[in-house]
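# Inside the fold
Letter by letter, the chains look like this.
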Amino acid sequence: MKDGNPTPDNGRVILIDKPYEWTSFDVVKKLRNKLNVKKIGHAGTLDPLATGLLILCTGKMTKQIEQFQAQEKEYEGKMVLGKTTPSFDLETAVDSETDIGHLTIDDIQAVIPQFTGEISQIPPVFSAIKVNGKRAYKSARKGEKVELKARTVTISKFEISDIQLPEVSFRIICSKGTYIRSLVRDFGRSLEVGAYMSALRRTRIGEFNLEAAKTIDEIE
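Structural notes, computed from the coordinates. What you are looking at is a predicted structure, and each value in this text was computed from that prediction instead of being measured.

Criteria and cut-off values
- Residues numbered from 1 in each chain as written.
- Predicted model: local features only at pLDDT ≥ 70, side-chain atom pairs only at ≥ 80, totals over all residues.
- Heavy atoms only, no water.
- Salt bridge = Lys/Arg side-chain N within 4 Å of Asp/Glu carboxyl O.
- Helix = DSSP H or I, 4+ residues; strand = E, 2+ residues; numbered from the N terminus.
- Buried < 20%, exposed > 50% of the residue type's maximum accessible area, 1.4 Å probe, protein only.
- Pairing = 2+ DSSP bridges.
- Phe/Tyr/Trp six-rings, centres within 6.5 Å; stacked < 30°, edge-to-face > 60°.
- Expected span 1.5 Å × (residues − 1).
- Arc of directions from axis to C-beta.
- Contact = heavy atoms within 4.5 Å.
- Polar contact = N/O pair within 3.5 Å; in protein donor to acceptor, adjacent residues only side chain to side chain.

## A look at the pattern of salt bridges
One pass over the structure, following the stated rule, counts 8 salt bridges. One salt bridge in this structure joins E74 and R171, with 2.7 Å as the shortest N-O distance. On the criterion of sequence distance, the pair formed by E74 in strand β4 (residues 73–81) and R171 in strand β11 (residues 167–174) is long-range, its members being 97 residues apart. Overall, E74 belongs to the buried group, its relative accessible area being 11%. Overall, the relative accessible area of 21% leaves R171 in the partly exposed class. Salt-bridge contacts for K78 lead to E167; the nearest nitrogen and oxygen are separated by 3.9 Å. Here E167 lies in strand β11 and K78 lies in strand β4, a separation of 89 residues in the sequence. Given the relative accessible area of 35%, K78 is considered partly exposed.

So, in structure tokens, the structure goes:
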């Protein structure tokens, strides 16, 4: 750095383990100041209540952002059956409850095939998707009606790793544009009891793994 100006940046790829409750933009802003770079962006949003792998690119490497965004993603998460929230996660309060006493492990495993391969899903209204030039979540938080169109996504793998009712742990490998919260919502609906996502961690994007990521404090 010279005279307080950003140093020349030929570009780098930074793997961050995004903290809980930070937005992806929070991470970009923090590292822009910490690294003193002008050009920096992330390759794929993570919700504030999700943690895990976030790819950031600086300088000339920002030209690769779309390429990284298009790559396959892998997640580990948890859902709570028998309860729903408007945001499909913990951002909003529970708005309905259904008894799940009749559910068995076989019932839960039986609906998994419905959520593998190419599927159609409607994104959450509490999302960063733009509708008429405005972020959907901003309208949703104001109680305004938001209509989002269904999209086709690919779920390469959906496996249940643990069942401790009402909580179910899962692992998912999916394509770009997949909303895990929507998958959880639809999973709960298929069981006719509802569900919301209680935790989510992104563990892989293409060839980049979470094990190689650093915390924000570790980045220099």
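## A look at the pairing of strand β12 (residues 195–205)
Judged by how many residues are buried, β12 sits mostly within the fold: 9 of 11 residues are covered. In terms of strand pairing, β4 meets β12 through 9 bridges, oriented antiparallel. When the bridges of β12 are listed, G77 appears paired with L200. Here β12 pairs with strand β13 (residues 208–209) via 2 bridges, running antiparallel.

## Quick look at the packing of aromatic side chains
Under the defined criterion, the tally for this structure stands at 4 aromatic pairs. Taken together, the ring pairs in this structure connect F115, F158, F170 and F187 into an aromatic cluster.

## Remarks on helix α1 (residues 24–35)
In a regular helix each residue adds 1.5 Å, so 12 residues correspond to 16 Å; α1 covers 16 Å between its end C-alpha atoms and thus fits that length. Taken together, the buried positions of α1 are S24, V27, V28, L31 and L35. Looking straight down α1, one finds that the buried residues subtend no more than 100 degrees of arc, so they occupy a single side. Within α1, the exposed residues directed more than 90 degrees away from the buried face are F25 and N33. Structurally, α1 contributes buried residues whose contacts are with β1 (12–18), β2 (40–42) and β3 (51–58). Just downstream of α1, N36 is the residue with a positive phi angle, here 55 degrees.

## Here's the deal with the environment of V111
With respect to the secondary-structure elements, V111 resides in the loop between α3 (105–110) and β7 (117–121). Using a relative accessible area of 8% as the deciding quantity, one classes V111 as buried. Sequence separation between V111 and G188 is 77 residues; the distance between their C-alpha atoms is 9.7 Å. The residues touching V111, leaving out its near neighbours within four places in the chain, are F187, S190 and L191.

## Here's the deal with the side chain of Q121
Examined against the element boundaries, Q121 turns out to sit in strand β7. A relative accessible area of 1% means that Q121 is categorised as buried. At 2.6 Å, the side chain of Q121 and the backbone nitrogen of Y179 are in polar contact.

## Describing the pairing of strand β10 (residues 151–164)
In terms of strand pairing, β7 meets β10 through 5 bridges, oriented antiparallel. The residue of β10 that forms the bridge with S120 is T152. Here β10 pairs with β11 via 8 bridges, running antiparallel. Bridged to I155 within β11 is C174. Joining the antiparallel neighbours β10 and β11 is a turn of 2 residues.

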